[in-house]
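Analysis of the macromolecular model
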Amino acid sequence: MTGVPHDWIVPLAPRDTPQGAPEPACSAVTIAVATAVLGPGPVAWGVQTALEITEEIIQRVPEHGGGPAPFATLRSTVESTVLLALRNLLDDVPPGDETVTEQVAPEEAIAGGAEFARRGIPLDRVLRGVRIGHARLHQALNAVIDALPEPVRRVESHRVSDLLFAYADAHASRMAEEYLAERVRWEAGWEAQRRSIVEDLLAGNAVPADTASVALGYELARHHQAFVVTAGDRHVTGADLRRCAEDLSRALTPDGWLSLAVVPGQVWAWAGWRSSPRPGHCDPVRLLRPPPGIRVAAGPVAYGPEGMRRGHLGAREADRVATMSGPGWWWDYTEIRTLCLATTDDEQARWYAQDVLGPLLAGDDRTRELRETLRVYLACERSPQNSAEQLHIARNTVTYRVRKAEELLGRSIGDPMELRLALEIARTLDLESAQGRRPWPGGASRPRRAPRSTPRTPHQPAD
């Protein structure tokens, strides 16, 4: 004990921001206990500071990221640790004090460490996050202490530094213990076995079908369709993803269903049928309305263990294109497979579109309008009437714009497949070429992105 009062913590309050004070990430019990000891001001300060620390950790240790659910877990871990540190600093409690049951690792932090182990984040990266968090908290507290009068400032600066260093050391040790213990439990568990089998299947390794079917609780000797359910923003939780996967299962009514949370921010799923599903079997799925921020990518239907792999890789390709293409929650590989193939190599796709379209990739509004009209015109098999109905313009306007696009190209429409593919690539990758700037192999500048002229609506196929 220093004999110097530590009540400078009590007036702490969050800074004013345009977004206002953030809502807590910890449980209501944790917040209530902290508020009883510290008061509402320091708790709100701790919540705000913890959010900033969380964002810095994810920026410097990307392994902690991966979507809204991992962000929420890390934030809860950091927030509970910050609030406990403030309580211990106020009461001048050293690490290891037997009168303090939580000491330096609250329940949320222990749970977070266990999840880090299950997600396979390397221990050294977990501990780096701990060090970053404590250093950032030390910096924030020093900013407050620097405004205190002497001799309180000098004494409290030394005391807080010593205690935070000790807290960080003890906290890291406790987190490492829980991480290693959970890793042992996880690797011996059923979920880890299922995940290992799925990873072997997706890697193309030979897996005994009968053994794998029993372990997965899912028959491999079936026709499969794979799905990748992805969180598109941080507000989507793991529970939201699982519910969306369950809704898919109910809508498809398959003979078997398998879902796994293999990577952060995603659920991988497979539907299995004893006989090949009829055409249009996904029509009921398209009527679903998942929460905002969720997208679903569907792979092709294929048979057996290799079919599981093929379908999953197709779903992942559809999800990749979805991330570039904007609005829409449902993405079916069979509807955009040509575009998936054409954009596998981003740089080659850009060169291809530039070579075919040339001046028609200019970034002004007029040229974008011509480009989109030509794309729809080719998609409608060169029907001015159908194109006009889809674009909501006059038929003569379509004819005029197509003629102007041909003038920019310097030729009449030749191979419609080549031109149509180039237009789809340009639309998906948001290509735009400024006058005189053409991307070529060997170091020429890439085109800068341009706003898309008309966003794709949900369910609209890319071809």
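Criteria and cut-off values
The numbers attached to residues start from 1 for each chain and follow its sequence in the written order. Per-residue local features of the predicted model are confined to residues with pLDDT of at least 70, and side-chain atom pairs are confined, for both listing and counting, to 80 or more; whole-chain, interface and lining totals are unaffected and use all residues. Side-chain descriptors were evaluated using all non-hydrogen atoms of the structure, hydrogens and water having been removed beforehand. The secondary structure listing takes helices from DSSP runs of H or I that are at least 4 residues long and strands from runs of E that are at least 2 residues long, numbered from the N terminus. To sort residues, take the accessible area from a 1.4 Å probe on protein chains only and compare it with the maximum for the residue type: under 20% means buried, over 50% means exposed, and anything in between is partly exposed. When checking whether two residues touch, look at their non-hydrogen atoms; a contact exists if any pair is within 4.5 Å. Polar contacts, as counted here, are pairs of nitrogen or oxygen atoms within 3.5 Å of one another; within protein the pair requires one atom able to donate a hydrogen and one able to accept it, and residues that are adjacent in sequence qualify only if both atoms are side-chain atoms. To get an axis, a line is fitted to the C-alpha atoms, and for a helix only the part in contact is used. The angle between two axes follows their N-to-C directions and goes from 0 to 180 degrees. Any angle from 65 to 115 degrees is called roughly perpendicular, while one under 35 is roughly parallel, one over 145 is roughly antiparallel, and all others are oblique. Should the near helix be turned anticlockwise from the far one by less than a right angle, the crossing is left-handed, and should it be turned clockwise, the crossing is right-handed. By the convention adopted, Pro, Cys, Tyr, Trp, Phe, Met, Ile, Leu, Val and Ala count as nonpolar, Lys, Arg, Asp and Glu as charged, and the other residues, Gly among them, as polar. Confidence of the predictor at the level of single residues is given by pLDDT, which spans 0 to 100. Comment: arc refers to directions from the helix axis out to C-beta atoms. For our purposes a nonpolar core is just a set of buried Ala, Val, Leu, Ile, Met, Phe, Trp, Tyr and Cys residues, chained together by side-chain atoms within 4.5 Å. Note that patches include only residues with greater than 30% relative accessible area and no salt bridge, and the join distances are 9 Å for like charges and 5 Å for nonpolar side chains (Val, Leu, Ile, Met, Phe, Trp, Tyr). We get accessible surface area from the Shrake-Rupley algorithm with a probe of 1.4 Å; when it comes to residues, only the shown protein chains can shield them. In the sections that follow, a salt bridge refers to a side-chain nitrogen of Lys or Arg positioned within 4 Å of a carboxyl oxygen of Asp or Glu.

**Digging into the overall build of the chain**
- Per the secondary structure count, the chain includes 16 helices and six strands.
- Burial analysis of the chain (463 residues in total) assigns 49% to the buried set.
- The contacts of the chain with a sequence gap of at least 6 include a subset with a gap of at least 24, amounting to 73%.

**Thoughts on the side chain of T81**
- Here T81 is to be found in helix α3 (residues 68-91).
- Reaching out from T81, the side chain makes a polar contact with the backbone oxygen of T77 at a distance of 2.8 Å.
- If we ignore the near neighbours within four places in the chain, the residues touching T81 are P106, A109, H134 and H171.

**A word on the packing of helix α2 (residues 40-60) against helix α5 (residues 123-145)**
- It is at 9 Å that the axes of α2 and α5 come closest, and there the two elements cross at 135 degrees. On the basis of their axis angle, the class for α2 and α5 is oblique. Crossing geometry of α2 relative to α5 is assigned as right-handed. Packed against α2, whose contacting residues are W45, T49, E52, I53, E56, I57 and R60, the element α5 presents R125, R128, G129, I132, G133, R136, L137, A140, L141 and V144 at the interface.
- Within the contact of α2 with α5, the residues separate by chemical class into eight nonpolar, three polar and six charged.

**A closer look at the confidence of the model for the chain**
- Residues at a pLDDT of 70 or more form 89% of the chain, whose mean pLDDT is 83.
- Scored below 50 in pLDDT, residues 98-102 makes four contacts in the model with residues more than four places away or belonging to other chains.
- Confidence drops under a pLDDT of 50 for residues 433-463, and excluding neighbours within four residues, the segment shows 76 contacts in the predicted structure.

**Considering helix α8 (residues 209-216)**
- Taken together, the buried positions of α8 are A212, S213, A215 and L216. Summarising the axial view, the buried residues of α8 lie within an arc of 165 degrees, below the 170-degree limit, and thus occupy one face. Exposed side chains of α8 directed beyond 90 degrees from the buried face belong to D210, T211 and V214.
- The inward-facing, buried residues of α8 abut α7 (190-202) and β2 (256-260).
- Just downstream of α8, G217 is the residue with a positive phi angle, here 70 degrees.

**Quick word on the nonpolar core**
- The biggest cluster of nonpolar side chains holds 46 residues, and the ones touching the most others in it are L89, L137 and L141.
- For this core, the secondary-structure elements that each account for two or more residues are α1 (28-38), α2, α3, α4 (107-119), α5 and α6 (152-187).
- With nine residues, the top contributor of residues to this core is α3.
- If we skip the residues at most four places from it in the chain, L141 touches W8, W45, L86, L89, V160 and L164.
- Core analysis: the next-biggest nonpolar cluster, separate from the first, contains 21 residues, V229, V236, V285 and I294 among them.

**Focus: a nonpolar patch on the surface**
- Judged by side-chain polarity, V29, V33 and V37 come together as a nonpolar surface patch covering roughly 230 Å² of accessible area.
- Residue V29 is classed as exposed on the basis of its relative accessible area of 61%.

**A closer look at the pattern of salt bridges**
- Counting across every chain of the model gives 28 salt bridges.
- Note that R174 and E177 form a salt bridge whose closest N and O atoms lie 4.0 Å from each other. With R174 and E177 both in helix α6 and three residues apart, the pair spans about one turn of that helix.
- By relative accessible area, R174 is classed as partly exposed at 33%.
- Close ionic contact of E199 with R195 constitutes a salt bridge, the shortest N to O distance being 3.2 Å. One end of the pair is E199 and the other is R195, both in helix α7 and four residues apart, which spans about a single turn.
- Judged by its relative accessible area of 37%, E199 falls in the partly exposed class.
- Beyond isolated ion pairs, a larger network of salt bridges with shared partners links R15, E52, E56, R60 and R136.

**Quick look at the packing of helix α14 (residues 384-391) against helix α15 (residues 395-409)**
- Interaxial distance between α14 and α15 falls to 8 Å at its minimum, and their mutual angle equals 105 degrees. Taken together, the axes of α14 and α15 lie roughly perpendicular to each other. Contact residues: P384, Q385, S387 and A388 in α14; R395, V398 and T399 in α15.
- In terms of residue class, the contact of α14 with α15 is built from three nonpolar, three polar and one charged.

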